[in-house]
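Here is what each chain is made of, one letter per residue.
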Amino acid sequence: MQLRTQNLTKNFGDKCAVDHVSLTFERGVYGLLGPNGAGKTTLMRMLVDVLPPSSGKVTLDGITIGELGAKYRDILGYMPQEIGYYRDFTAKRFLQYLSALKGLDPRYANRRIDELLDLVGLADVKNKRLGQFSGGMIRRIGIAQALLNDPKILILDEPTAGLDPNERIRFRNILSELSEDRIVILSTHIVSDVQSIAGQVILLKEGKVINYDTTENLRRLVDGKVWLANVSHRELNELKQRFPIGNVLQKDDHFEIRIVSDSKPLPDATPADPSLEDVFVYVFGGEEE
Amino acid sequence: MEKNSNEDEHIEKLFKSVDIPQITEKQIESVVKVAADYLPLGRKHMSLWDMAILELRTTSIFFWAACAALMAIAVLFISSAESSFSAAGIFIVVAPAPLLFSLLEIMTTRTPNVIELEKVCKYNVNQLYVLKIMIGTVLNIVVLALISVFSLHTLNSPLQMFLMGSTIMLTIGFLALLIATTLGQSLPVMGILAGWTIAASMLFDNGPKLAMALLSIRFTPLLITLLVSTMLFVLTLHSFSHKLTSLSLGGT
Amino acid sequence: MNLIGVEFKKIISKKYVWIIALLVALFYAYLILNLANNFNVIYTKNALQPVFDEIMDAAYNPQVQEYIINKGFNVTFEEIQPMISPKITQTIEQYQGKVYEGYDVAKELKEEAALRIESLVERNVTISQRIEELKNAPDTPLNRYLLQQYTHMPKMEPNLTRWDDWIDINNSMLPLLIAFVIILGISGVYTSEYTSKMHGILLTTKNGRSKLFWSKLLASCLFAALTVIIFQVFAALLYTHVYGIPFKNTPMDSLTSFYKRPNTMWALQFYLCQLVGSLLGAMVLTAVTLCISSFCRSNLASFFLSGIYFALGTLYSQNLEGQYISSKVTIFADVSTFSLMSLTDVLGNGKVFIVGNSAIPTIELTVIAQAVIFAVALSLTYLFYNRKEIDA
């Protein structure tokens with residue numbers, strides 16, 4: 001199974017949100033990373049065929065997803081950035097409704113719903129109205145609905161936002177298990193999630209693919225370029241003007257900072273192991289995520 | 001004196017021994033700027049009147065356009081009405097519209113989560129929403145007064161019609177607020193407006209006797225009805241503003 | 001899970017639709033019931049219905065006809081009493097001495113009986129003259145059409161049935177009420193999905209496009225049909241209570257509202273057509289409302305635009321009532337959804353549209369136009385819903 005985008009472009013008026021993106025997805029987990037407005041959500045919406053591209057196409061094994069229509073959606077699971085729901089539906093009824101829309105056999109669907117509610121930790125509240133759910137619970141329902149039809153292609157737009165650390169770990173484990181025989185594409189603001197789940201990372205900036213590689217190879221981009229240093233407030237402000245700064249941690253009377261620089265930025269700076277966050281800082285120059 | 005001059009000398013020596021750097025004005029400015037970041041921002045005192053002006057200025061252009069169009073159409077139709085009975089019918093149909101427009105404006109131009117931001121502001125949000133509706137009410141009264149003035153020659157008793165219009169405005173406003181408070185959606189409020197338009201048209205089309213009876217209500221009973229509807233309106237206005245500000249907020 | 005059932009439940013679970021509809025319906029009922037005690041409603045027609053055949057015989061009696069024509073269509077009951085069936089007098093005399101709302105019932109009924117006979121004679125004379133005029137008039141499509149209609153009209157009867165009132169049910173208020181409830185209920189079918197951010201999920205499910213579209217359409221049509229049935233039954237019950245069931249069928253040309261209109265139908269046939277028109281119009285309105293709902297971002301905008309669509313046709317159509325020729329100016333009102341739901345103007349008045357050398361009954365154009373609107377609205381709904389771009 002191969003999902004491909006060929007010169008995929010989307011314009012909103014004068015603004016080009018996605019610019020000639022050509023990517024190939026095969027089995028595995030792919031992480032989409034980029035600052036706000038990079039075109040991640042637009043790209044995902046084109047991948048799930050809810051947003052028509054201005055030019056280019058998305059194909060599955062050589063056939064455009066538009067031609068495949070319901071056949072494509074039959075193997076697709078999608079979790080949007082903002083989960084919509086009916087306030088008056090119970091969790092179980094909501095999933096039953098979506099199972100019907102996904103064309104699942106009711107007997108299988110009921111079994112699957114129970115499994116998934118258990119998986120996302122909502123089995124106890126399955127008969128509670130969604131209107132009474134917290135934001136995190138709604139996201140878990142969003143994850144469950146995406147998995148209802150055991151999709152071969154799973155596209156998740158910021159799935160871990162609003163989840164507590166335990167839920168995030170649980171979700172990461174679910175995804176790792178699922179990735180064996182399917183394509184999983186996710187975007188997230190939490191770089192550590194991508195680092196721990198995604199085998200391949202796509203870096204997007206202003207609608208263009210800046211880099212596309214495994215997390216290991218991406219990390220090598222900043223090998224020997226990540227430095228740890230202890231600085232004062234004044235020095236920190238000066239350094240911000242000169243280098244991309246990663247994590248800043250305030251200690252008693254100074255700050256411990258991660259600097260991404262080709263050369264040693266300060267005499268007392270010590271080299272550090274690179275992380276995907278450092279790659280993000282290096283590539284996007286410390287832009288807001 | 002002796003002691004003092006020794007001390008001065010000592011201080012002078014100390015100053016000479018330390019190298020005091022020359023600081024430029026630019027450097028001082030930049031330090032002040034950094035320091036300013038840590039100071040609280042100055043707050044301007046706002047009176048209720050200032051808030052009302054602010055609300056008026058931030059009201060959607062569609063609301064003003066709808067009120068202006070309504071007034072123009074009402075005056076045009078009333079002026080060209082075949083009889084004072086038809087003119088009164090048109091007046092009654094449009095009577096509660098501006099107030100309901102303002103309620104719709106409040107309900108549609110805000111997302112539910114705005115309350116989260118409004119709640120952390122200095123002013124009591126209940127008062128803010130009461131103020132918004134009151135602006136709509138006052139505007140409705142002004143529109144009714146203007147229509148009455150512009151249609152003096154067609155409407156039989158403009159003062160009576162004005163009081164009747166105000167009573168209807170408050171009664172329908174009460175119903176709309178009640179529905180808005182219970183359901184918290186804008187479509188039912190629009191439904192009340194459309195429902196009223198149809199019901200009033202039916203009254204003047206199919207039940208002229210009843211309509212005549214309504215139009216011939218005497219001054220004192222009319223004032224009493226006005227008073228009762230005002231009380232009902234104020235009560236629901238209170239619960240509406242309270243409902244808006246006690247919405248349960250999601251989040252973890 | 002049955003998708004149509006879920007969609008239907010979603011529509012009918014909006015309590016405010018029923019609350020507001022109930023309020024307006026109760027007001028409508030109050031207005032109609034208010035008429036129940038009128039003198040005209042209780043006595044004028046009802047009291048003379050037992051002598052319907054005798055009044056008709058009198059109007060077609062050559063001696064009575066000659067007398068009325070000679071008197072210039074201005075006679076009293078006493079003048080024609082010797083020439084008409086004594087049963088009429090006996091029936092009226094049952095009410096001798098009875099006074100209602102200040103009216104002397106027997107006296108009023110005598111006047112009414114004389115008026116019914118006189119009016120029927122006058123109408124028959126006028127129609128015969130009109131037919132003669134048309135036979136000698138230039139051969140135009142309109143004249144040909146009018147002659148064809150007038151010569152094929154059923155035999156005129158005294159206007160003693162309550163069909164005038166029954167046909168008036170669908171004249172304006174009931175279509176408005178039905179349209180109001182349909183728009184209120186259906187305007188949120190798609191916009192609610194957008195506002196609750198559900199469409200992203202729906203569009204990416206296997207059945208979330210065409211199957212969901214059909215489910216929503218069928219559920220909405222079911223809701224519209226139910227609304228029509230409920231309101232028509234409600235109105236019929238009200239009218240039965242106030243006026244009673246029309247005691248016999250009668251030709252449309254016998255009714256005051258449709259006299260001299262080129263209409264060859266019978267009242268019951270027309271009323272049934274109105275019921276069908278109401279149902280078909282409701283379906284078209286449903287399709288248009290769904291279409292508007294599919295491209296609007298808010299329920300309110302959808303309700304407002306759908307309301308404007310229906311209200312424009314209604315207002316325009318109401319200003320044209322009473323004509324029997326459609327022109328390029330009036331055709332937009334004649335083919336409106338309101339016209340199909342009411343049918344009083346286009347079908348009741350036997351309206352016709354002249355194109356070149358032929359006269360086309362306007363109702364045909366109304367049905368064709370509405371069918372086109374229905375098809376176009378549904379196609380656009382499918383297109384808009386499936387191509388709805390989600391906010392970035």
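Note that the coordinates shown come from a computational prediction; the quantities given were computed from them, not determined experimentally. Every chain is numbered on its own, with residues counted from 1 as its sequence reads. Labels are handed out in written order, letters beginning with A for the chains and numbers beginning with 1 for the ligands. Given that the model is predicted, a residue must reach a pLDDT of at least 70 before its local features are reported, and side-chain atom pairs must reach 80 or more before they are shown or counted; all residues, however, enter totals for whole chains, interfaces and linings. Hydrogens are left out, water is left out, and the side-chain values use all remaining heavy atoms of the structure.

**Points about the overall build of chain A**
Here is step 1 of the chain: Along its length, chain A carries 11 helices and 14 strands.
Here is step 2 of the chain: C-alpha atoms define the radius of gyration in this analysis, and the globule rule sets the expected value at 2.2 Å times the number of residues to the power 0.38. On C-alpha atoms alone, chain A measures out to a radius of gyration of 21 Å, which is about the 19 Å that the 2.2 N^0.38 rule sets for 289 residues.
Here is step 3 of the chain: Accessibility here uses a 1.4 Å probe with only protein chains present; expressed as a share of the type maximum, an area under 20% marks a residue as buried, one over 50% as exposed, and anything in between as partly exposed. Expressed as a percentage of the 289 residues in chain A, the buried residues total 52%.
Here is step 4 of the chain: The contact definition used throughout considers only heavy atoms, calling two residues in contact when any of these lie within 4.5 Å. The long-range share in chain A, meaning contacts at least 24 apart out of those at least 6 apart in sequence, stands at 68%.
Here is step 5 of the chain: As displayed, chain A offers around 12700 Å² of accessible surface, 44% of which is attributable to carbon and sulfur atoms.
Here is step 6 of the chain: Only four residue types enter the tally: Lys and Arg on the positive side, Asp and Glu on the negative side; His and the chain ends are excluded. Working definition for charges: the position is that of NZ of Lys, CZ of Arg, CG of Asp or CD of Glu. Across chain A, 37 positive and 40 negative side-chain charges occur, with their mean positions spaced 5 Å apart. Secondary structure elements are defined from DSSP: runs of H or I of at least 4 residues count as helices, runs of E of at least 2 residues count as strands, and each element is numbered from the N terminus. Surface accessibility follows the Shrake-Rupley procedure with a 1.4 Å probe radius. Residue values consider only the protein chains on display as shielding.

**With respect to the interface of chain B and chain C**
Here is step 1 of the chain: Each side of the interface is counted separately: chain B has 23 residues, and chain C has 22 residues.
Here is step 2 of the chain: Carbon and sulfur atoms supply 84% of the area that chain B and chain C bury against each other, a total of about 2000 Å² over both sides.
Here is step 3 of the chain: Summed over both partners, the accessible surface that disappears when two parts come together, traced with a 1.4 Å probe, is what is meant by buried area. Of all residues in chain B, B:Leu187, B:Ile198 and B:Met202 bury the most surface against chain C, accounting for 33% of the area lost on that side.
Here is step 4 of the chain: Residues adjacent in sequence count toward polar contacts only when both atoms are side-chain atoms; beyond that, a polar contact is any pair of N or O atoms within 3.5 Å, and within protein one must be able to donate a hydrogen and the other to accept it. On inspection of chain B and its partner chain C, the count reaches zero residue pairs in polar contact (both at pLDDT 80 or more).
Here is step 5 of the chain: Elements supplying a minimum of two residues to the side of chain B that touches chain C: helix H6 (97-108), helix H9 (158-183), helix H10 (187-206) and helix H11 (208-215) of chain B.
Here is step 6 of the chain: By the convention adopted, Pro, Cys, Tyr, Trp, Phe, Met, Ile, Leu, Val and Ala count as nonpolar, Lys, Arg, Asp and Glu as charged, and the other residues, Gly among them, as polar. Its residues assigned to classes, the side of chain B that touches chain C comprises 13 nonpolar, eight polar and two charged.

**Focus: the interface of chain C and chain A**
Here is step 1 of the chain: Contact with chain C, which involves 27 residues of that partner, is made by 32 residues of chain A.
Here is step 2 of the chain: For the pair chain C and chain A, the summed buried surface comes to about 2700 Å²; carbon and sulfur atoms form 61% of the total.
Here is step 3 of the chain: Each salt bridge in this description consists of a side-chain nitrogen of Lys or Arg and a carboxyl oxygen of Asp or Glu lying within 4 Å of one another. Linking chain C to chain A there are two salt bridges.
Here is step 4 of the chain: A:Asp49 serves as the salt-bridge partner of C:Arg209, at 3.3 Å between the closest nitrogen and oxygen.
Here is step 5 of the chain: Summed over the shared surface of chain C and chain A, the number is 11 residue pairs in polar contact (both at pLDDT 80 or more).
Here is step 6 of the chain: Looking at the side of chain C that touches chain A, the elements with two or more residues in it are helix H1 (3-12) and helix H13 (199-203) of chain C.
Here is step 7 of the chain: At five residues, the largest contribution of residues to the side of chain C that touches chain A is made by H1(C).
Here is step 8 of the chain: Residues belonging to the side of chain C that touches chain A are distributed by class as follows: 10 nonpolar, six polar and 11 charged.

**As for the sheet that holds strand E13 (residues 255-260) of chain A**
All names here are of chain A.
Here is step 1 of the chain: At least two DSSP bridges between two strands are required for those strands to pair. With respect to topology, four strands assemble into an open sheet ordered E12-E13-E11-E14, the strand pairing being antiparallel. The sheet is open, and its two borders are formed by strand E12 (245-250) and strand E14 (270-271), each paired with just one other strand.
Here is step 2 of the chain: Relative to E13, strand E11 (residues 226-231) runs antiparallel, the two being bridged by six bridges. When the bridges of E13 are listed, Asn230 appears paired with Glu256.
Here is step 3 of the chain: Inter-axis angles, ranging from 0 to 180 degrees, are taken between N-to-C directions of lines fitted to C-alpha atoms, where helices are fitted over the stretch in contact. Contacts from helix H10 (residues 233-242) reach E11, E12 and E13, with the element oriented near 15° to E13.
Here is step 4 of the chain: Sheet contacts for helix H11 (residues 276-284): E11, E12 and E13; angle to E13, the most-contacted strand, approximately 65°.

**Quick look at the side chain of C:Gln232**
All names here are of chain C.
Here is step 1 of the chain: Position of Gln232 relative to the elements: it lies in helix H14 (residues 210-243).
Here is step 2 of the chain: Judged by relative accessible area, which is 7%, Gln232 ranks as buried.
Here is step 3 of the chain: Apart from the residues lying within four places of it in its own chain, the contact partners of Gln232 are Ile169, Asn170, Leu174, Ile178, Tyr271, Leu275 and Ser278.

**Structural notes on the nonpolar core**
Here is step 1 of the chain: One finds A:Leu3, A:Ile185 and C:Tyr28 to be the most contacted residues of the largest nonpolar core, which totals 230 residues.
Here is step 2 of the chain: With residues near it in sequence (within four places) discarded, A:Leu3 still touches A:Leu23, A:Thr24, A:Phe25, A:Leu47, A:Val58, A:Thr59, A:Leu60, A:Ile65, A:Tyr72, A:Ile153, A:Ile183 and A:Ile185.
Here is step 3 of the chain: Buried Ala, Val, Leu, Ile, Met, Phe, Trp, Tyr and Cys residues that are joined via side-chain atoms within 4.5 Å together make up what is termed a nonpolar core. The next biggest cluster of nonpolar side chains, apart from the first, holds 39 residues, and it includes C:Phe52, C:Met83, C:Leu134 and C:Tyr145.

**Describing the pairing of strand E7 (residues 153-157) of chain A**
All names here are of chain A.
Here is step 1 of the chain: Most of E7 is tucked away, with five of its five residues classed as buried.
Here is step 2 of the chain: Across the two faces of E7 the burial is the same, with Ile153, Ile155 and Asp157 and Leu154 and Leu156 all buried.
Here is step 3 of the chain: Relative to E7, strand E6 (residues 76-79) is paired through four bridges, and the arrangement is parallel. Bridging across to E7, Gly77 finds its partner in Leu154.
Here is step 4 of the chain: Chirality of the crossover, the property in question, places the unit of E7, helix H7 (residues 165-178) and strand E8 (residues 183-187) among those that are right-handed. Seen with its strands pointing away from the viewer, a crossover is right-handed when the path leading from the first strand over the helix to the second is clockwise.

**So, a nonpolar patch on the surface**
Residues and elements named next belong to chain B.
Here is step 1 of the chain: Nonpolar side chains collect at one region of the surface, where Val138, Val142, Leu146, Val149, Phe150 and Leu152 lie side by side and expose about 520 Å² of accessible area between them.
Here is step 2 of the chain: Residue placement: Phe150 occurs in helix H8 (residues 125-150).
Here is step 3 of the chain: With relative accessibility at 46%, the residue Phe150 sits in the partly exposed group. Patch membership needs two things, relative accessible area over 30% and no salt bridge, and members are linked within 9 Å if like-charged or within 5 Å if nonpolar (Val, Leu, Ile, Met, Phe, Trp, Tyr).

**Observations concerning the confidence of the model for chain B**
Here is step 1 of the chain: Every residue is assigned a pLDDT by the predictor, reflecting its confidence on a scale from 0 to 100. The pLDDT averaged across chain B works out to 78; a share of 79% of its residues lies at or above 70.
Here is step 2 of the chain: When the elements of chain B are averaged for pLDDT, helix H7 (residues 114-119) of chain B gives the smallest value, 55, and H9(B) the largest, 89.

**A word on the domain arrangement of chain A**
Here is step 1 of the chain: Domain annotation of chain A identifies domain 1 (3-216) and domain 2 (224-273).
Here is step 2 of the chain: On a C-alpha basis, the centroid separation for the pair domain 1 of chain A and domain 2 of chain A is 36 Å. Where each domain begins and ends is defined by an automated method or by a domain database.

**Things to note about the packing of helix H5 (residues 84-94) of chain B against H10(B)**
The packing of two helices is summarised by the inter-axis angle and the distance between the axes.
Residues and elements named next belong to chain B.
Here is step 1 of the chain: Between H5 and H10, the least distance of the axes is 9 Å, while the angle of their chain directions is 165°. Looking at the two axes, H5 sits roughly antiparallel to H10. Crossing of H5 against H10: the hand is right-handed. Between H5 and H10, the residues in contact are Phe85, Ala88, Gly89, Ile92 and Val93 and Trp196, Thr197, Ala200, Ser201 and Phe204, respectively.
Here is step 2 of the chain: Classifying every residue of the contact of H5 with H10 gives seven nonpolar, three polar and no charged. Relative orientations are named as follows: roughly parallel for angles under 35 degrees, roughly antiparallel for angles over 145 degrees, roughly perpendicular for angles from 65 to 115 degrees, and oblique for any other angle. Crossing chirality is assigned from the near helix's rotation relative to the far helix, an anticlockwise turn below a right angle marking it left-handed and a clockwise turn marking it right-handed.

**Thoughts on the sheet that holds strand E4 (residues 55-60) of chain A**
Residues and elements named next belong to chain A.
Here is step 1 of the chain: Taken in spatial order, the four strands of this open sheet run E2-E1-E4-E5, and their pairing is antiparallel. A strand with exactly one partner marks an edge of an open sheet, and here the two such strands are strand E2 (15-25) and strand E5 (63-64).
Here is step 2 of the chain: Two elements, strand E1 (residues 3-12) and E4, share five bridges in a ladder whose sense is antiparallel. Its bridge partner being in E4, Leu3 is matched across the sheet by Leu60.
Here is step 3 of the chain: Helix H1 (residues 40-47) contacts E1, E2 and E4 of the sheet and is inclined by roughly 125° relative to E1.

**Looking at the packing of aromatic side chains**
Residues and elements named next belong to chain C.
Here is step 1 of the chain: Side-chain rings of Phe, Tyr and Trp, where Trp is taken by its six-membered ring, are said to pair if the distance between their centres is within 6.5 Å; with planes under 30 degrees apart they count as stacked, over 60 as edge-to-face, and otherwise as tilted. In total, this model carries 23 aromatic pairs over all chains according to the counting rule given.
Here is step 2 of the chain: With centroids separated by 5.1 Å and ring planes inclined at 75°, the aromatic side chains of Phe213 and Trp214 adopt a geometry described as edge-to-face.
Here is step 3 of the chain: One aromatic cluster is present, formed by Phe39, Tyr43, Tyr95, Tyr100 and Tyr103 through successive ring pairs.
Here is step 4 of the chain: A positively charged side chain is recorded as over a ring if its NZ (Lys) or CZ (Arg) lies within 6 Å of the ring centre. The angle to the ring normal must also be within 35 degrees. Of note, Lys155 hangs over the ring of Tyr60, and the distance from its end group to the ring centre comes to 4.3 Å.
Here is step 5 of the chain: Lying across the ring of Tyr190, Lys216 places its NZ or CZ 5.6 Å from the centre.

**Some thoughts on the side chain of C:Thr344**
All names here are of chain C.
Here is step 1 of the chain: Here Thr344 lies in helix H19 (residues 344-348).
Here is step 2 of the chain: The buried category is assigned to Thr344, whose relative accessible area is 9%.
Here is step 3 of the chain: In contact with Thr344, other than residues within four places in its own chain, are Ile167, Asn170, Asn171, Phe258, Phe270, Gln274 and Asn349.

**Overview of the state of the cysteines**
Put plainly, a disulfide is one covalent bond tying together the sulfur atoms of two cysteines.
Here is step 1 of the chain: A pair of sulfur atoms, both from cysteines and within 2.5 Å, is called a disulfide here. Counted under the stated rule, the structure contains zero disulfides over all chains.
Here is step 2 of the chain: Not part of a disulfide, C:Cys221 finds its nearest cysteine sulfur in C:Cys291, a span of 14 Å.

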